[in-house]
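# Structure assessment
Residues per chain, in single letters:
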Amino acid sequence: MLTMKLITEQYDRVIAGLNKKHFNNAKEAIDAVIAKDQERRATQKELDENLAKSNQLAKSIGALMKEGKKAEAETAKAEVAELKTASKALDEKKAALEEEIVKMLCQIPNIPYDEVPEGSCAEDNWVVKSNLKECVIGKDTVGNWDTNPDYPNAKLPHWELAKNLNLIDFDLGVKITGAGFPVYRGLGARLQRALINFFLAEASKAGYEEIMPPTVVNQASGYGTGQLPDKEGQMYHCEVDDFYLIPTAEVPVTNIYRDVIIDEAQLPIKNCAYTQCFRREAGSYGKDVRGLNRLHEFSKIEIVRIDTPEHSAESHKEMLAHVEGLLQKLGLPYRILRLCGGDQSFTSAICYDFEVYSAAQKRWLEVSSVSNFDTYQANRLKCRYRKSADKKIELCHTLNGSALALPRIVASIMEDYQQADGTIKVPEALVPYMGVDVIK
RNA sequence: GGAAAGAUGCCAGAGUGGUCGAAUGGACCGCACUCGAAAUGCGGCAAGCGGGUCACACUGCUUCCAGGGUUCGAAUCCCUGUCUUUCCGCCA
């Protein structure tokens with residue numbers, strides 16, 4: 001959530017930012033929260049004065065008792081009792097106000113950075129880079145794939161290839177669990193393991209410490225990274241213990257830094273984690289959920305960084321380069337989008353999406369979002385750092401990105417590397433991890 | 001699942017009703033000593049929310065797992081919850 005400090009000190013900038021994010025009634029929401037905050041301050045002031053008085057009286061009662069001035073002590077006692085009643089009411093009022101303010105702040109999204117494009121939907125995103133010459137920078141153009149000599153015309157969708165080569169059994173997953181829980185087998189299963197190992201090895205080379213966190217988290221963690229309370233319906237919930245299955249490793253890994261103060265010398269913190277991710281995906285349907293396009297359970301390697309405000313932009317660039325490097329090493333056709341204000345996630349200040357091209361589906365599949373959350377997430381997490389220079393404490397910047405999510409990468413590898421004889425060539429970078437160079 | 005013990009600052013660990021935001025030790029920071037270092041000595045060393053200030057200074061309140069309660073006054077007493085550890089049972 002945004003800090004009250006930012007809202008009050010940079011009022012105009014916040015309003016403008018929210019408008020860019022296409023957040024409705026920005027001014028009303030901001031004005032309302034400012035008014036509440038003022039009320040909160042006034043209440044606290046009154047409460048503090050009350051408590052100060054009763055603290056003093058309580059001390060004096062002790063002294064009076066010692067001196068044997070019983071009558072005076074009794075008068076003071078009565079006065080304290082009165083103050084106490086008043087304090088209790090004020091305290092409750094203050095708590096209620098604080099809760100309301102947090103609630104209001106949680107409904108206000110992060111404000112985008114200046115370099116975030118204007119726009120309201122996916123069409124307004126900027127294509128900033130691609131390894132395809134057909135892909136026009138700054139415009140959503142796929143190019144003519146059927147005539148590209150590097151990607152021959154015989155294109156089966158990955159779900160057919162997976163069936164033909166006995167790599168993934170979607171029906172079996174339905175039997176065991178339900179739709180969206182595929183069973184990988186044989187070389188299909190090994191491809192999963194190969195990708196996980198490849199991605200972790202690359203992250204490790206880039207200096208990320210590997211974390212293997214729990215994939216089930218408590219409520220506090222869900223709140224910390226903002227999945228709760230709003231996106232509760234998107235997570236699987238274990239009601240008996242009140243735990244949630246994680247939708248991304250971001251949740252447990254970022255929550256490592258909840259309520260901590262980090263020495264500046266430790267920054268930037270670089271973590272990576274492979275986990276299974278669980279998403280209910282309520283409301284999805286159609287071609288979006290075909291095959292591997294959208295699953296309820298999938299594997300993902302996430303990279304997370306905690307950094308200073310001065311260095312976070314640099315960190316973000318490094319993360320973008322890392323993810324791009326993975327796609328290059330896998331030899332997949334990709335493009336990088338800088339998301340416009342309206343299409344960005346609620347919490348990000350700036351976000352780039354990476355998409356790979358699915359040759360058979362003739363569509364781009366999102367495989368990574370790499371975001372800088374500025375202090376938005378850190379504020380809710382209370383993730384702060386102590387500056388080396390003046391020892392002051394400030395909010396960190398948090399960043400994360402997928403590096404990478406497996407299913408769509410698998411789809412794209414299958415489709416883009418399929419050969420005329422129905423087999424799939426293994427991307428060179430994966431051969432050491434696969435042990436074979438063709439899937440047949 | 002049954003039983004017991006415990007939860008205090010960055011860490012260890014005192015503290016059983018006021019003078020306790022909290023002894024002591026360690027870590028850390030500053031200064032002194034030193035050519036430098038070690039050792040030693042002196043000083044500092046929690047966070048949150050307010051007031052105040054250009055910014056400091058200064059200052060009020062809150063916080064000793066969480067939430068309730070007793071009391072004029074709670075780290076300290078009572079209740080509830082959570083978590084941790086140990087033992088027993090079960091078990092990959």
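Residues numbered from 1 in each chain as written. Chains lettered and ligands numbered in written order. Predicted model: local features only at pLDDT ≥ 70, side-chain atom pairs only at ≥ 80, totals over all residues. Heavy atoms only, no water.

### Digging into the sheet that holds strand 9 (residues 269-278)
Here is the rule: For two strands to pair, DSSP has to find at least two bridges joining them. A helix here means a DSSP run of H or I that spans at least four residues, while a strand means a run of E at least two residues long, and both kinds are numbered starting from the N terminus. Axes here refer to lines fitted to C-alpha atoms; in helices the fit is confined to the stretch in contact. Angles between the N-to-C directions go from 0 to 180 degrees. Here a residue-residue contact requires only that any non-hydrogen atoms of the pair lie within 4.5 Å.
In spatial order, the strands read 1-11-12-13-16-10-9-4; together these 8 strands make up an open sheet with mixed pairing. Unpaired on one side and paired on the other, strand 1 (126-130) and strand 4 (209-211) mark the two borders of the sheet. Across the sheet, the axes of successive neighbouring strands diverge by a mean angle of 25°, strand direction being ignored. Of the strand pairs in this sheet, strand 12 (residues 350-358) and strand 13 (residues 363-372) are connected by 9 bridges, and their pairing is antiparallel. Looking at the pairing, Ser358 lines up with Arg363 of strand 13. In the packing of helix 7 (residues 187-205) onto the sheet, contacts are made with strand 4, strand 9, strand 10 (297-307) and strand 16 (397-405), and the angle to strand 10 comes to roughly 5°. Lying on the sheet, helix 12 (residues 406-416) is in contact with strand 10, strand 12, strand 13 and strand 16; it crosses strand 12 at an angle near 35°.

### A look at the packing of aromatic side chains
Convention followed: When the centres of two rings from Phe, Tyr and Trp lie within 6.5 Å, Trp using its six-membered ring, the rings pair. Their planes under 30 degrees apart give stacked, over 60 give edge-to-face, and anything left gives tilted. With a 1.4 Å probe rolled over the protein chains alone, any residue whose accessible area is under 20% of its type maximum counts as buried; one over 50% counts as exposed, and the rest are partly exposed. Two conditions define a charge sitting above a ring: the NZ of Lys or the CZ of Arg must be within 6 Å of the ring centre, and it must be within 35 degrees of the ring normal.
Enumeration according to the criterion identifies 5 aromatic pairs in this entry. Between the aromatic rings of Phe198 and Tyr433, the centroid separation amounts to 5.9 Å while the plane-to-plane angle is 70°, which identifies the pairing as edge-to-face. Of this pair, Phe198 sits in helix 7 while Tyr433 sits in helix 13 (residues 431-434), placing them 235 residues apart in sequence. With 5.1 Å between their ring centres and 70° between their planes, Tyr357 and Trp364 make a pair best called edge-to-face. Accessibility assignment for this pair places Tyr357 and Trp364 in one class, buried. Three or more aromatic residues joined by ring pairs form one cluster here, namely Phe198, Phe199 and Tyr433. The ring centre of Tyr208 lies 5.0 Å from the NZ or CZ of Lys270, which sits over that ring.

### Re the packing of helix 7 against helix 10 (residues 312-330)
Quick reminder of the rule: Just so you know how the angles are binned, under 35 degrees is roughly parallel, over 145 roughly antiparallel, 65 to 115 roughly perpendicular, and the rest oblique. Each crossing is labelled by how the near helix is turned from the far one, with a counterclockwise turn of less than a right angle marking it left-handed and a clockwise turn marking it right-handed. Residue classes follow a fixed rule: Ala, Val, Leu, Ile, Met, Phe, Trp, Tyr, Cys and Pro count as nonpolar, while Asp, Glu, Lys and Arg count as charged, and any other residue, Gly among them, counts as polar.
Interhelical geometry of helix 7 versus helix 10 gives an angle of 135° and a closest axis separation of 11 Å. Judged by the angle between their axes, helix 7 and helix 10 are oblique. Between helix 7 and helix 10 lies a crossing of right-handed hand. Note on element contacts: helix 10 touches helix 7 through His322, Leu326, Lys329 and Leu330, opposite Leu195, Phe198, Phe199, Glu202 and Ala203. Residue composition of the contact of helix 7 with helix 10, grouped by class: 6 nonpolar, 1 polar and 2 charged.

### Examining the nonpolar core
Nonpolar side chains tend to gather and get buried jointly when the protein is soluble and globular. As a reminder of what qualifies: Working definition of a nonpolar core: buried Ala, Val, Leu, Ile, Met, Phe, Trp, Tyr and Cys residues. They are joined through side-chain atoms within 4.5 Å.
Leu195, Phe199, Leu327, Ile409 and Leu430 are the most contacted members of the largest nonpolar core, which has 56 residues in total. Broken down by element, this core gets its largest block of residues, 8 residues, from helix 7. Apart from residues no more than four positions distant in its own chain, Ile409 is found in contact with Leu195, Phe199, Leu327, Leu330, Leu332, Val356, Val367 and Leu404. Judged by nonpolar contacts, the second largest core, of 19 residues, contains Met1, Leu6, Ile30 and Ile101.

### Observations regarding the protein's contact with RNA strand B
Put simply, the rule reads: The cutoff for a nearby residue is simple: one of its non-hydrogen atoms must lie within 4 Å of the molecule or strand. We call two N or O atoms a polar contact when they sit within 3.5 Å, provided that within protein one can donate a hydrogen and the other can accept it, with sequence-adjacent residues counted only if both atoms are side-chain atoms.
Around RNA strand B lies a shell of 17 residues, among which Arg40, Gln44, Asp48, Arg384 and Arg386 are the nearest. In RNA strand B, the atoms that sit within 4 Å of the protein are 73% sugar and phosphate, with bases accounting for the remainder. Arg386 has a polar side-chain atom sitting 2.9 Å from a phosphate oxygen of RNA strand B. At the level of secondary structure, the elements contributing two or more residues to the surface near RNA strand B comprise helix 3 (26-67), helix 4 (70-106) and strand 14 (383-386).

### As for the domain arrangement of chain A
Let me state the cut-off plainly: Residue ranges for the domains originate in an automatic or database domain assignment. The term buried area refers to how much accessible surface (probe radius 1.4 Å) is lost by two components on association, counted for both of them together. Put simply, a salt bridge is a Lys or Arg side-chain nitrogen that is within 4 Å of an Asp or Glu carboxyl oxygen.
When its domains are assigned, chain A resolves into domain 1 (4-106) and domain 2 (122-439). Computed over C-alpha atoms, the centres of domain 1 and domain 2 are 43 Å apart. In this assembly, 5 residues from domain 1 lie in contact with 9 residues from domain 2. Both faces considered, domain 1 and domain 2 share a buried interface measuring about 520 Å² in area, 48% of it formed by carbon and sulfur atoms. Ranking the residues of domain 1 by area buried against domain 2 places Lys20, Lys21 and Cys106 at the top, with a combined share of 82%. Taken together, the links from domain 1 to domain 2 amount to 0 salt bridges.

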